[in-house]
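Chain by chain, the residues run as shown.
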Amino acid sequence: MAARSVFLPGLFGDKVAIVTGGGTGIGKAIAGELLGLGCNVVIASRKLDRLKEAAKDLVSRISPANPSSVTALQCNIRREEEVESLVEATLKQYGRIDFLVNNGGGQFPSPTEAISAKGWNAVIETNLTGTFYCCKAVYNAWMREHGGAIVNIVAGMWNGFPGMSHTGAARAAVDNLTKSLAIEWAHSGVRINSVAPISAMVCFLLSPAASFISGETVKVDAGQSLYRSHWEVPDHNRWPEAPEGENADTLKKLLSNVPPSKL
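Residues numbered from 1 in each chain as written. Predicted model: local features only at pLDDT ≥ 70, side-chain atom pairs only at ≥ 80, totals over all residues. Heavy atoms only, no water.

I tried to follow the packing of aromatic side chains on my own but got confused; where do I start?
Note on aromatic pairs: each is described by the distance of the centres and the angle between the planes. Counted according to the given criterion, the structure contains three aromatic pairs. For the pair phenylalanine 132 and tyrosine 133, a centre-to-centre distance of 5.8 Å together with 45° between the ring planes defines the contact as tilted. For phenylalanine 132, a relative accessible area of 35% puts it in the partly exposed group. (Phe/Tyr/Trp six-rings, centres within 6.5 Å; stacked < 30°, edge-to-face > 60°. Buried < 20%, exposed > 50% of the residue type's maximum accessible area, 1.4 Å probe, protein only.)

Set out below in structure tokens:
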């Protein structure tokens with residue numbers, strides 16, 4: 001089945017994008033939509049066999065009349081030299097890099113007290129440091145002189161991320177990195193935003209329709225972050241006693257009808 005999009009066919013004709021983590025899941029969906037819009041796409045991750053399978057599947061979905069192509073390149077984004085080789089290979093093949101989508105990442109569920117130093121560092125290096133390496137390499141090799149657009153994929157970590165504090169911390173840092181780079185690189189014509197995440201929003205932010213949007217993190221969650229929390233606090237009696245006085249009396253009245261698990 002050909003990839004479908006709400007955007008105009010050919011929107012990204014003759015453009016070139018790198019999508020990290022493009023062999024599976026959201027990354028593959030983003031790569032597929034970009035291809036359908038005429039963009040040449042380089043998908044990258046550590047596992048080359050999976051990338052090649054994904055590339056074959058993605059090509060089978062686009063129209064024969066679509067001239068865009070997909071290239072699978074192995075890259076561990078935790079290693080700066082591999083990221084630089086990825087960028088160099090992309091430029092050698094296509095001669096330009098218009099878009100970068102930092103989707104590569106990884107994490108595992110664990111209580112914070114059980115996360116080892118090795119596990120913590122692996123998640124931080126993949127989700128935060130890898131994103132930094134990719135942004136830096138693409139900027140220095142191409143976008144500094146030619147401009148471009150970058151989208152970082154983050155997660156819904158606005159109210160903390162219990163059970164996966166390592167990725168919550170890393171993704172929150174990427175949100176701040178996005179804002180910092182949007183200011184630092186504006187003079188080069190580089191826009192950079194983050195998405196918590198869906199492929200159509202990524203394509204919108206890469207498109208000319210978003211030409212005045214930079215430094216933003218867009219939540220794609222149907223408004224859930226405004227009215228609902230995923231986290232439940234077990235009932236307990238360990239809240240500290242507030243100092244006696246008028247403020248404490250008022251606070252007790254306000255909280256008297258709130259279940260302990262919601263405090």
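Further notes follow.
Honestly, the nonpolar core in this entry has me stumped. Any pointers?
Soluble globular proteins tend to bury their nonpolar side chains together. Formed by 30 residues in total, the largest nonpolar core has its most connected members in Phe12, Leu34, Val41, Ile43, Val202 and Leu206. When contributions to this core are tallied by element, the ones reaching two or more residues are strand 1 (16-20), helix 1 (25-36), strand 2 (40-45), helix 2 (48-61), strand 3 (70-74), strand 4 (99-102), strand 5 (148-153) and helix 6 (199-206). Ignoring anything within four residues of it in the chain, the contact list for valine 202 reads Ile30, Val101, Val151, Ile153 and Val195. Core analysis: the next-biggest nonpolar cluster, separate from the first, contains 28 residues, Tyr94, Cys135, Ala137 and Ala182 among them. (Core = buried A, V, L, I, M, F, W, Y, C linked by side-chain atoms within 4.5 Å. Helix = DSSP H or I, 4+ residues; strand = E, 2+ residues; numbered from the N terminus. Contact = heavy atoms within 4.5 Å.)

Explain the state of the cysteines to me, please; I cannot follow it from the model alone.
Here a disulfide denotes a covalent bond joining the sulfur atom of one cysteine to the sulfur atom of another. Within the structure shown, the criterion is met by zero disulfides. A disulfide-free cysteine, cysteine 135 has its sulfur positioned 7.1 Å from the sulfur of cysteine 134, the nearest such atom. Residue classification places cysteine 135 among the buried residues on the basis of a relative accessible area of 0%. (Disulfide = S-S within 2.5 Å.)

In this structure, what is going on with the pattern of salt bridges? I would like to understand it.
Where charged atoms from two side chains of opposite charge come close, those side chains can pair. Applying the stated criterion across every chain yields a total of seven salt bridges. A salt bridge links lysine 28 to aspartate 57, with the shortest nitrogen-to-oxygen separation between them at 2.8 Å. One end of the pair, lysine 28, is in helix 1; the other, aspartate 57, is in helix 2, with 29 residues separating them in the sequence. Put simply, lysine 179 and aspartate 175 hold a salt bridge, and the shortest N to O gap is 2.9 Å. Taken together, the positions of lysine 179 and aspartate 175, both in helix 5 (residues 165-184) and four residues apart, correspond to about one turn of that helix. Residue lysine 179 is classed as partly exposed on the basis of its relative accessible area, which comes to 36%. Connected via shared salt-bridge partners are Lys28, Asp57 and Arg61. (Salt bridge = Lys/Arg side-chain N within 4 Å of Asp/Glu carboxyl O.)

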